[in-house]
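Understanding the architecture of this molecule
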Amino acid sequence: MTSGDNQPAAVQTDLPLDTVIEDDCIAAMNRLPAGSVDLIFADPPYNLQLKDALHRPDNSKVDGVTDAWDRFDGFAPYDSFTRDWLAAARRLLKDTGTIWVIGSYHNIFRVGREIQDQGFWILNDIIWRKTNPMPNFRGTRFTNAHETLIWAAKSADKSGYTFNYQALKALNDDVQMRSDWHLPICTGAERLRDGERKAHATQKPEALLYRVLVAATNPGDVVLDPFFGTGTTGAMARLLGRRFVGIEREPRYVGIARERIAKVEPLGADERAVTKSKRKEPRVPFGVLVERGMIKPGQTLVDGKQRHAARVRADGTLISGDVIGSIHKVGAEVQGAPTCNGWSFWCFEAKGDLVPIDMLRQKVRAEMAGAVG
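This structure is a prediction, so every number in the text was calculated from the model and none was measured. (Residues numbered from 1 in each chain as written. Predicted model: local features only at pLDDT ≥ 70, side-chain atom pairs only at ≥ 80, totals over all residues. Heavy atoms only, no water.)

1. Structural notes on helix H7 (residues 251-262)
In this model H7 runs 17 Å from its N-terminal to its C-terminal C-alpha over 12 residues, within 8% of the 16 Å that 1.5 Å per residue would give. Buried within H7 are the following residues: Tyr253, Val254, Ile256, Ala257, Arg260 and Ile261. One side of H7 holds all its buried residues, which, seen down the axis, span an arc of 170°. Set apart from the buried face of H7 by more than 90 degrees, the exposed residues are Glu259 and Ala262. In this structure, the buried side of H7 is in contact with strand S1 (19-22), helix H5 (206-216), helix H6 (232-239) and strand S10 (243-248). (Helix = DSSP H or I, 4+ residues; strand = E, 2+ residues; numbered from the N terminus. Expected span 1.5 Å × (residues − 1). Buried < 20%, exposed > 50% of the residue type's maximum accessible area, 1.4 Å probe, protein only. Arc of directions from axis to C-beta. Contact = heavy atoms within 4.5 Å.)

2. Let's talk about the sheet that holds strand S14 (residues 323-325)
The strand order S14-S13-S12-S11-S15-S16 describes an open sheet built from six strands, whose pairing is antiparallel. Edge positions in the sheet fall to S14 and strand S16 (353-356), since each of these pairs with one other strand and no more. Ignoring strand direction, the axes of neighbouring strands in this sheet form an average angle of 35°. Across four bridges, strand S15 (residues 346-350) lies against S16 in antiparallel orientation. Across the sheet, residue Cys347 finds its bridge partner in S16, namely Pro356. In this fold helix H10 (residues 327-335) packs onto strand S12 (309-312), strand S13 (318-320), S14 and S15, with an angle of close to 155° to the strand it touches most, S14. (Pairing = 2+ DSSP bridges. Axes fitted to C-alpha atoms, helices over the stretch in contact; angles between N-to-C directions.)

3. Some words on the sheet that holds strand S6 (residues 180-183)
Taken together, eight strands build an open sheet; the order of strands is S1-S10-S9-S2-S3-S5-S4-S6 and the sheet is mixed. Looking at which strands have only one partner, the edges of the open sheet turn out to be S1 and S6. Averaged over all pairs of adjacent strands, the angle between their axes in this sheet comes to 20°, without regard to strand direction. Bridging between strand S3 (residues 93-103) and strand S5 (residues 146-153) involves six bridges; their strand directions are antiparallel. Directly across from Val101, in S5, lies its bridge partner Ile150. Packed onto the sheet, H7 meets S1 and S10 and runs at close to 175° relative to S1.

Next comes the structure, spelled out in structure tokens:
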């Protein structure tokens with residue numbers, strides 16, 4: 001496999017959104033407008049260099065990666081191909097964009113070096129631990145039970161990239177998401193077939209792409225996949241309300257991907273929304289609630305168990321006995337604690353119920369978001 005002639009062509013002014021381009025990935029990327037993509041997910045050829053067929057103990061043949069697109073004449077041509085497609089990808093990324101590249105031990109270390117050589121800044125390496133890996137039938141090595149994803153920003157000084165921390169935490173039962181992901185390989189009804197054969201030898205599970213897109217994109221963002229295959233990236237992008245551009249040189253895969261994506265029913269705006277990271281929300285001082293009359297000077301606030309009380313002063317500070325200060329300071333002092341989140345600790349009475357003052361802050365934030373929108 002080679003990257004082809006890849007002579008410079010006229011650059012398109014607009015992205016062909018939600019389409020699959022049938023072409024060599026480097027040539028196609030070089031025609032797309034620079035700085036136009038929010039995220040790139042790349043599943044490049046592994047360059048497995050397989051020499052012999054692999055058989056199970058019952059002598060049945062393992063359907064492995066033997067396709068022409070995974071064949072290179074050694075490491076040098078593979079490295080040249082990697083250098084060219086990563087350069088094209090880097091040109092397409094917005095300054096706030098990120099790239100995800102997945103690979104096995106056969107190629108990920110060579111790809112990782114080129115990622116760093118081109119100036120990308122690695123944010124994480126993610127270990128996809130397969131819950132149902134293929135056994136090592138020959139018993140000569142450890143079972144190869146994982147693949148590695150590299151997540152990188154365009155450069156070390158590029159900030160503002162998307163990371164939906166709170167959404168990932170919510171996906172993980174309100175526990176911080178780790179860099180080792182336990183997900184099954186693609187099997188069952190999800191595994192696309194072309195007759196009796198797998199439609200694609202390395203089809204990625206939808207759960208993997210779902211997590212990547214929830215983590216690092218927002219609705220409306222543009223996702224590019226230069227090795228589109230049977231379209232898992234496009235299917236999850238359509239489901240989650242992202243735009244996509246797929247590039248695939250094999251006509252058979254292009255047809256399968258287009259048919260697959262057409263069947264996906266996008267989620268509604270409410271369903272695809274995720275929990276936003278608190279650090280990205282606009283700051284609302286407690287004093288703003290006082291200024292707007294949502295909380296009044298002299299009003300008494302209590303904790304949820306009504307063990308402590310404090311009165312509100314005109315400048316947004318609280319007083320409880322001899323203690324005067326912010327909602328956080330007074331909350332900590334009355335409990336004898338080193339710190340306190342006053343927004344969740346203090347409550348006010350509304351129609352006979354105790355309501356955290358954070359509810360009022362969220363109301364102000366919603367109004368601010370509406371004004372911006």
